[in-house]
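Chain and residue survey
Chain by chain, the residues:
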Amino acid sequence: MGIANPIGDMDKEQKNQIAYHEAGHAIAQYYLRPDERIVHLTITRRTQALGFMLPVSLVDIYTMPLDTMVRDIMISLAGHVGTEVALGKAWTGASGDLVNVRGRIMQLATFGFFGTFLLGEQPSEKMKDTINHFLDDCLEKTKILLEKHRSELDALVVALLDRSDLSGLEVVEIIKRTGVYGEITQV
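Quick caveat: nothing in here was measured; it's all calculated off a predicted structure.

Rules of the game
- Residues numbered from 1 in each chain as written.
- Predicted model: local features only at pLDDT ≥ 70, side-chain atom pairs only at ≥ 80, totals over all residues.
- Heavy atoms only, no water.
- Salt bridge = Lys/Arg side-chain N within 4 Å of Asp/Glu carboxyl O.
- Buried < 20%, exposed > 50% of the residue type's maximum accessible area, 1.4 Å probe, protein only.
- Helix = DSSP H or I, 4+ residues; strand = E, 2+ residues; numbered from the N terminus.
- Phe/Tyr/Trp six-rings, centres within 6.5 Å; stacked < 30°, edge-to-face > 60°.
- Contact = heavy atoms within 4.5 Å.
- Core = buried A, V, L, I, M, F, W, Y, C linked by side-chain atoms within 4.5 Å.
- Pairing = 2+ DSSP bridges.
- Axes fitted to C-alpha atoms, helices over the stretch in contact; angles between N-to-C directions.

Quick word on the pattern of salt bridges
Evaluated as defined, the whole model comprises ten salt bridges. Here E36 ties to R33 by a salt bridge, and the two come within 3.4 Å at their closest N and O atoms. Like E36, the residue R33 is buried in the burial classification. Of the charged contacts, one joins E173 and R177 as a salt bridge, the two residues approaching to 3.1 Å between their closest N and O atoms. Placement of both E173 and R177 in helix α6 (residues 168–178) is noted, with a separation of four residues, approximately one turn of the helix. Accessibility expressed as a relative area gives 57% for R177, which makes it exposed.

Some points on the packing of aromatic side chains
By the definition in use, this model includes four aromatic pairs. Ring plane angle 75° and centroid distance 5.5 Å describe the contact between F113 and F134, whose orientation is recorded as edge-to-face. Here F113 is found in the loop between α3 (95–110) and α4 (125–148), whereas its partner F134 is found in helix α4, with 21 residues between them in sequence. On the basis of relative accessibility, which here comes to 34%, the residue F113 falls in the partly exposed class. In this structure an aromatic cluster arises from ring pairing among F113, F114 and F134.

Quick look at the environment of L153
Relative to the elements of secondary structure, L153 occurs in helix α5 (residues 150–163). In this structure, the C-alpha to C-alpha distance between L153 and G24, residues 129 residues apart in sequence, is 6.5 Å. Residues contacting L153, with those up to four places away along its chain left out, are Y20, A23, G24, I27 and G82.

Comments concerning the nonpolar core
Counting 46 residues, the largest nonpolar core has L41, I73, F114, F134, L156, L166 and V171 as the members making the most contacts within it. Elements with a minimum of two residues in this core: α1 (12–32), β1 (36–42), α2 (66–87), α3, α4, α5 and α6. Once you skip the residues sitting within four places of it in the chain, L156 turns out to touch A23, A26, I27, L41, L166, V171, I174 and I175.

Quick notes on the sheet that holds β1
Strand order in the open sheet made by the three strands is β2-β1-β3, with antiparallel pairing throughout. Each end of this open sheet is capped by a strand with a single partner; those strands are β2 (52–57) and β3 (165–167). The average angle at which neighbouring strand axes cross in this sheet is 20°, direction not considered. Two strands pair when backbone bridges link them, and β1 and β3 are joined in this way by three bridges, in the antiparallel orientation. Paired with T42 across the strands is D165, a residue of β3. Against the sheet, α5 makes contact with β1 and β3, and its axis sits at roughly 120° relative to β3, the strand it touches most.

Structure, rendered in C-alpha cells:
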C-alpha cells in the first residue's frame, strides 16, 4: 500500500515551496547536464519525497570528469536555492539533496579536487575551509543560474501546481517556450 499524497490538502504556501524546489532541480538539470535528459518532474509524494525530478543518462556512465560531480552538486542545491530565490526565505525539505551533496563532496575530496587526495576518513581543517568556500561558490552560481532563468522556473511551477506531474518532454517544452534556452552553463 502506497503513501497517500498530501499535496491536494496541503497549504498553498507549502505547495508552492515544493513546486519551486522541484522546478529548481529541473532548471539546473536542463542547463548543467545536457548529457542527461529529464524523464519526470512531479510534486506528487512518492516514498519519503514530497516530489522529485528524475533524470536519466543518455549513455552508460562508468567514469566521469570531476566537473560533472560539481554540476551534480549544483543540481542537488537547486531545489533549496530555487525556493529561496522565489519565496525569499529558506525552507526545510532538502535533507535528501544535502545527503547527495555531502556524498559528492566526499568523492571530490577523495579524488583530490580540493588540493590533495583525501586518504583518511575526515578532511583536514584546511580542506574543510576549502570545501566551505567551494559550497558557497556552488550556492552563488546556482542562485545566478536560477535568477537568470526565473521565467522558466515560474512557468514550471504554474504547470506543476496545475497538473502535479510533468513528463520530461513537457518540462523541456515549457523551458524552451518560456525562457532563454540553448546555452549550456559552464561551471
